[in-house]
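# Fold and geometry: a report
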Amino acid sequence: MVGFYPKNGSDLKRIHGHPSQSRGEQKTMMITLGSPSFQLISPSISHHFLPAGRFFSLSSPAKILFSKPHSRKSYTRMAEQNSPEKTERVKTIHLSVGGESVEVVAEQGLSDSDFRTAIDSYLFRQWLKNMQSERGILANGRLSLKQVLIQGVDMFGRRVGFLKFKADVLDKETGQKVPGIVFARGPAVAVLILLESGGETFVVLTEQARVPVGRFILELPAGMLDDDKGDVIGTAVREVEEETGICLNLSDMINLTHFLDPSTGCKVFPSPGGCDEELSLFLYRGHVEQDVIAALHGKEMGLREHGELIKVHVVRYDKLWRMTADVKALTAIALYEMAKREGFLPQKSHEPST
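Residues numbered from 1 in each chain as written. Predicted model: local features only at pLDDT ≥ 70, side-chain atom pairs only at ≥ 80, totals over all residues. Heavy atoms only, no water.

What the protein contains, in helices and strands, is seven helices and 20 strands. Looking at the protein residue by residue over its 354 residues, the buried ones come to 42%. Long-range contacts, defined here as pairs at least 24 residues apart, represent 62% of the contacts in the protein between residues at least 6 apart. Accessible surface for the protein amounts to roughly 19800 Å². Of this, 52% is attributable to carbon and sulfur atoms. (Helix = DSSP H or I, 4+ residues; strand = E, 2+ residues; numbered from the N terminus. Buried < 20%, exposed > 50% of the residue type's maximum accessible area, 1.4 Å probe, protein only. Contact = heavy atoms within 4.5 Å. Areas by Shrake-Rupley, 256 points an atom, 1.4 Å probe, with all protein chains shown as cover.)

What follows is the structure, encoded as structure tokens:
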């Protein structure tokens, strides 16, 4: 199957059939896989991959359509470039980090307000704090932070949800750069819920569509912290109720990551090579009747106004490690089993309410 895409923003306006803000050389196309169409936009994709004004082939059957873009509540503010060759950056500030001056610049196309929002955000401030902490990579003086390039901001309502930037960190001995592309999303929580019923132990999972991996994933109830107050246990209880309908008592929650050595920060980092996400993993144990297990399994939950489409699953705990690809669940299993073996766990919890 072959398709065609517009050369520039004026073609886009003509094809859409309605006025729209010009995107310069930004390339936009609509691809239909199955039945729905979606918009693919790239402000800087190489002309070697999509030659302007020419046909291109797709590896799987697909139909190229053009239509109006859809709105969404959470949105991304990414810097736009008029052409791949232009790299001029127009906004620059200097911060003092570890006693050295660090240049913070905005990628071309990022507005003044978004630039300021990014550097004032909790995500950016916490990243700088981590860099300078006692165990931070700037602590021993071997590495030096020279520049930070702010590339994009994802807003969740009025707060910064995600932040994308690139940090130039140099090894003073070799003069070489240390990889420093950062996707910042901050702290999050997840809960391993174990329910004993009829002589067996069950675990409560959620099934959600995860667009970044293109799959439905069975995973622990989890969520991001909404602010910088650090209420991880309150967030954990709230996320469980929103995603499963189960109401847990704060006093019954056990923080599994607190059993880690203090040198770790008592957090888990799922992908530290590119993302700053740090997880606090909790355990809840309770006893329920069989009808509660039956009522939970297949239950549809989630905040639809936030785009959450969640189905609850209840599976046997001894089968969990083979049924999920969720790193939160697999890590929680390891922490739980080791804590149980070492005798760190207190008495079991009471029955939850549903």
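More follows now that the structure is in view.
Strand direction decides the pairing type here: strand β9 (residues 143–156) and strand β10 (residues 159–171), joined by twelve bridges, are antiparallel. When the bridges of β10 are listed, Met155 appears paired with Val160. If you look at the hairpin formed by β9 and β10, you'll find two residues sitting between the two strands, and Gly157 has a positive phi there, around 70°. Sheet analysis places β10 next to strand β12 (residues 181–184), joined by four bridges and oriented antiparallel. Pairing of Lys166 across the sheet is with Ile181, part of β12. Here β10 folds back onto strand β11 (residues 177–178) in antiparallel fashion, the turn holding five residues, of which Gly175 has a positive phi close to 75°. (Pairing = 2+ DSSP bridges.)

In this structure, Phe124, Trp127, Leu145, Val148, Ile150, Leu163 and Phe165 are the most contacted members of the largest nonpolar core, which totals 28 residues. Excluding residues that lie within four positions of it along the chain, Phe124 makes contacts with Leu95, Val104, Ala118, Ile119, Val148, Ile150, Leu163 and Phe165. With 25 residues, the next largest nonpolar core counts Ala222, Val268, Ala329 and Tyr336 among its residues. (Core = buried A, V, L, I, M, F, W, Y, C linked by side-chain atoms within 4.5 Å.)

Turning next to the pattern of salt bridges. Taken as a whole, this structure holds 14 salt bridges when the rule is applied. Glu100 is paired through a salt bridge with Lys172; the nearest N and O atoms lie 3.5 Å apart. With Glu100 in strand β8 (residues 100–106) and Lys172 in the loop between β10 and β11, this residue pair connects regions lying 72 residues apart in the sequence. Where Arg316 meets Glu200, a salt bridge forms, and the shortest distance between an N and an O atom there is 3.6 Å. Residue Arg316 is located in strand β20 (residues 310–316), and its partner Glu200 is located in strand β14 (residues 200–210); the two are separated by 116 residues in the primary sequence. For Glu200, a relative accessible area of 33% gives the class partly exposed. Among the charged side chains, a salt-bridge network with shared partners connects Arg210, Glu219, Asp326 and Lys328. (Salt bridge = Lys/Arg side-chain N within 4 Å of Asp/Glu carboxyl O.)

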